[in-house]
Amino acid sequence: MEEELKCPVCGSFFREPIILPCSHNICLACARNILVQTPEAESPQSSRASGSGVSDYDYLELDKMSLYSETDSGYGSYGGFVSAPTTPCQKSPNGVRVFPPTVPPPPLAQHHLLPHTGCHRSLTLDDRGLRGFPKNRVLEGVVDRYQQSKAAALKCQLCEKSPREATVMCEQCDVFYCDPCRLRCHPPRGPLAKHRLVPPAQGRISRRTSPRKISTCTEHELENLSMYCVQCKTPVCYQCLEDGKHSTHEVKALGAMWKLHKGQLSQALNVLSDRATEAKEFLVQLRNMVQHIQENGVEFEACLVAQCDALIEALNRRKAQLLSRVTKEHEHKLLVVRDQISHCTVKLRQTTGLMEYCLEVIKENDPSGFLQISDALIRRVHMTENQWGKGSLTPRMSSDFDLTLDSGPLLQTIQQLDFVQMKVPAAPILQMEECCTQTNSATLSWKQPPLSTIAVDGYILELDDGNGGQFREVYVGTEMICTVDGLRFNSTYKSRVKAFNSSGVGQYSKTLVMQTSEIAWFTFDSVSAHPDIILSNDNLTVTCNSYDDRVIMGNTGFSRGVHYWEMTIDRYDNHPDPAFGIARADVLKDVMLGKDDKAWAMYVDNNRSWFMHNNSHTNRTDGGISKGATVGVLLDFSRGILLFLINDEQQGPVAFNTLEGMYYPAISLNRNVQVTLHSGLPVPDFYTPGESEAAGSVC
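What counts and what doesn't
- Residues numbered from 1 in each chain as written.
- Predicted model: local features only at pLDDT ≥ 70, side-chain atom pairs only at ≥ 80, totals over all residues.
- Heavy atoms only, no water.
- Helix = DSSP H or I, 4+ residues; strand = E, 2+ residues; numbered from the N terminus.
- Buried < 20%, exposed > 50% of the residue type's maximum accessible area, 1.4 Å probe, protein only.
- Contact = heavy atoms within 4.5 Å.
- Expected span 1.5 Å × (residues − 1).
- Phe/Tyr/Trp six-rings, centres within 6.5 Å; stacked < 30°, edge-to-face > 60°.
- Bend = angle between axes of the 7 residues up to and from the residue.
- Salt bridge = Lys/Arg side-chain N within 4 Å of Asp/Glu carboxyl O.
- Pairing = 2+ DSSP bridges.
- Axes fitted to C-alpha atoms, helices over the stretch in contact; angles between N-to-C directions.
- Parallel < 35°, antiparallel > 145°, perpendicular 65-115°, else oblique.
- Left-handed = near helix turned anticlockwise from the far one by under 90°.
- Nonpolar A, V, L, I, M, F, W, Y, C, P; charged D, E, K, R; others polar.
- Disulfide = S-S within 2.5 Å.

J.: Describe in detail the overall build of the protein, supporting the description with residues and values.
T.: Helix and strand content of the protein: 9 helices and 36 strands. Residues counted as buried form 45% of the 699 residues belonging to the protein. Relative to all contacts within the protein whose residues are 6 or more apart in sequence, the contacts with residues 24 or more apart total 62%.

Printed below as a string of structure tokens:
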């Protein structure tokens, strides 16, 4: 953090720093030099060089002088004097041209200006001159501690010629002693026997730890600073509140604001610390890229030489040009990455320096001194953190050489031989934040690597069988997002994706493991439902506003496992015959379920039921439904069968068998019926699932 502790004017460690209104700091002596450091021979009024010079004015009066400086042009003049001479003089060591006064200083009511090279603007001084700027005691304390920590071994303070290394420090005398001087000047007897001697390092720490200084108001020197003006963002005293410019401002307790600002600075430092950690990791990545670029460049050059040598004399003329292309690409990549390393290193050093400085400032026990600089530090920390925004920690250059030499052209086309920028695509990157599962469906999203420029013709998505088996292709196309339906519930699937183009198929992405829902919960699907359908109760209760039968399906399809759900009859008027069962996604929605070849259903009235598929009615069975009855549907893919229950009793034989593929729960009804769905239920006790499902995949 050494750069944080040096004056921008003199370049040395701060000495008696003062805080300027722009929140920058400057040595008090440097501020005075900007106004008064001018050789007498440069005075525009040479007749005054008789010996008095600038000594005619004391420091306080000189501090009050109004000075305007244009640092770019190197010329300056006193403000407020129309007739003041403007003859330029030589630059002072701080780079600002200054003129001594030719007339007495202006009245105190004049506006006085102090040139500030850091902001390239002038700062206004009041009638107190430089005394009106508060001293930065916190910065002064940090500089002192830093210089002491960097100092060499502590020396004895009583050795006359060549001080020896101190071995102890007396806390009462506040003196460092070597062994001979301690025995001679600080014998362990008499009154000195009660003094406490400590090691030098401990003594140095105790010297730094001083009691908190009570700060006084700059406007009312006899008053202590005890409050904080929120509007002006500065500590104030009670007299400032009674008769000063802060009398109508919002004020808060100094200690409370001290703790508040320390907390804000600490929080900002935590964020900045994370950015610094990312930057360090990023620098490691960039340095590794330099090695990879070098290795890839050497490898590519060797391959290029081998191909060119195979074309004998005709290719030799072209070989030098191609090698030059590769070398330029190599050097360009190295130049870009090294430039980014240099830029990031500078930013990281500045960030680390600011962090260490802020941590030292937080250690200070002076509330008013801390609050004088806390706002500026918080802004700097936020500003520095914003500089590490998006994109700043992303490589500007890829380490790969996306060039492939095509060595197959005829000899007469050798002069047109060039690089073909086509390689096998890189492995896609799965976008974890967009990949998810919902019930028995999985959505995957991916993208190409950010620095890849290789053309991609399409992607291949693969999933295993949910039981650790072989991968299989589930999607081939150009889209970079895909939803796979009909997966097995309570199963763990592995997925991966790869890209392809005319040069071949690229590497697989990382494997993503996804877990489907444990239980087959589902509701009615409002999107695919017929317009006459009326849904309520979070899409669990359904009725219709038409006297004709209308079909609605569940929002989840099944293709594996054993599934059981029930529907409770909430309303049953005029003996209608609703139908319950399963259907394909493209089933007709404006006829009774089972009328077409896309549905398998049981329709039932108040006395009997029938099974129906493709308008074929079979297995008439006695027993109907009424209000409060329950209709159950059991779909077992292990046996490929569908059966129905009414009030927990099986209704007729197995309704349908040899069922394969994707099916959705479905129902058809009219306005005389209202039912409520209950999904994710256990299989009835009387039913034994197939062997392949008995191990726990029943839901």
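J.: I'd like to hear about helix 7 (residues 254-310), residue by residue, with values.
T.: Taking 1.5 Å of rise per residue, the 57 residues of helix 7 would be expected to cover 84 Å, and the 82 Å separating its terminal C-alpha atoms lies within 8% of that figure. One or two residues past the end of helix 7 sits Ile312, with phi positive at roughly 55 degrees.

J.: Tell me about the packing of aromatic side chains, and please be specific about residues and values.
T.: If you walk through the whole model with that rule in mind, you get 12 aromatic pairs. When the ring of Phe522 is compared with that of Trp565, the centres are 5.7 Å apart and the planes differ by 85 degrees; the resulting orientation is edge-to-face. Here Phe522 is found in the loop between strand 23 (512-515) and strand 24 (533-536), whereas its partner Trp565 is found in strand 27 (residues 562-572), with 43 residues between them in sequence. Assigned by exposure class, Phe522 and Trp565 land together as buried. Pairing Phe611 with Phe656 gives two aromatic rings, centres 6.2 Å apart and planes at 50 degrees, and the pair type is tilted.

J.: Requested: an account of helix 9 (residues 367-387), with residues and values cited.
T.: Spanning 21 residues, helix 9 covers 29 Å between terminal C-alpha atoms, matching the ideal 30 Å at 1.5 Å per step. A maximum bend of about 40 degrees is found in helix 9 at Ser374.

J.: Outline the pattern of salt bridges, listing residues and values.
T.: On inspection of all chains with the given rule, the structure shows 17 salt bridges. Among the ionic pairs, Asp573 bridges to Arg571, the shortest N-O distance being 3.6 Å. A salt bridge links Asp586 to Lys598; its shortest N-O distance comes to 3.7 Å. Of the two residues, Asp586 sits in the loop between strand 28 (579-583) and strand 29 (599-604) while Lys598 sits in the loop between strand 28 and strand 29, which places them 12 residues apart along the sequence. Judged by relative accessible area, which is 48%, Asp586 ranks as partly exposed. Overall, Lys598 belongs to the partly exposed group, its relative accessible area being 27%. Beyond isolated ion pairs, a larger network of salt bridges with shared partners links Arg275, Glu278 and Glu385.

J.: Got a sec to walk through the sheet that holds strand 10 (residues 227-229)? Specific residues and values, please.
T.: Taken together, 3 strands build an open sheet; the order of strands is 11-10-12 and the sheet is antiparallel. Unpaired on one side and paired on the other, strand 11 (234-236) and strand 12 (251-253) mark the two borders of the sheet. Neighbour-to-neighbour, the strand axes of this sheet turn through a mean angle of 40 degrees, independent of strand direction. Across 3 bridges, the pairing between strand 10 and strand 11 is antiparallel. Along strand 11, the bridge assignment pairs Tyr228 with Pro235. Taken strand by strand, helix 7 contacts strand 10, strand 11 and strand 12, and its axis lies near 85 degrees from that of strand 12.

J.: How would you sum up the side chain of Lys498? Please name residues and give values.
T.: Mapped onto the fold, Lys498 is located in strand 21 (residues 492-501). Given the relative accessible area of 13%, Lys498 is considered buried. Once residues within four sequence positions are removed from consideration, Lys498 is found in contact with Pro428, Gly458, Tyr459, Ile460, Glu462, Val505, Gly506, Gln507 and Tyr508.

J.: Residue-level account of the sheet that holds strand 34 (residues 649-650), with values.
T.: What the 7 strands build is an open sheet, ordered 24-25-36-27-32-33-34; its pairing is antiparallel. Each of the sheet's edge strands pairs with one partner strand only, and the pair in question is strand 24 and strand 34. One ladder, built from 6 bridges, connects strand 27 with strand 36 (residues 673-678); its direction is antiparallel. The residue of strand 36 that forms the bridge with Met567 is Leu677.

J.: Tell me about unusual backbone geometry, and name the residues and values.
T.: Of note, the phi angle at Glu16 is positive, near 50 degrees, even though the residue is not glycine. Relative to the helices and strands, Glu16 is located in the segment before strand 1 (17-19).

J.: Mind laying out the environment of Leu461, listing which residues take part and the relevant values?
T.: Here Leu461 is to be found in strand 18 (residues 458-463). Residues Leu461 and Ala499, spaced 38 residues apart in sequence, show a C-alpha to C-alpha distance of 9.0 Å. With residues up to four places along the chain from it excluded, the contact list for Leu461 reads Leu444, Trp446, Arg472, Glu473, Val474, Tyr475, Cys482, Val484, Arg496 and Val497.

J.: Give a description of the packing of helix 7 against helix 9 that names residues and reports values.
T.: Relative to each other, helix 7 and helix 9 sit at 25 degrees, their axes nearing to 9 Å. Taken together, the axes of helix 7 and helix 9 are roughly parallel relative to one another. Crossing hand, helix 7 versus helix 9: left-handed. Residues Leu254, Met257, Trp258, His261, Lys262, Gln264, Leu265, Ala268, Leu269, Val271, Leu272 and Arg275 of helix 7 lie in contact with helix 9, whose contacting residues are Pro367, Ser368, Phe370, Leu371, Ser374, Asp375, Leu377, Ile378, Val381, His382, Thr384 and Glu385. Its residues assigned to classes, the contact of helix 7 with helix 9 comprises 14 nonpolar, 6 polar and 4 charged.

J.: So what's going on with the state of the cysteines? Which residues, and what values?
T.: Here the structure, examined in full by the defined rule, presents 0 disulfides. Residue Cys436 stays outside any disulfide, its sulfur separated by 7.6 Å from that of Cys435, the closest cysteine. For Cys436, a relative accessible area of 40% corresponds to the partly exposed category.

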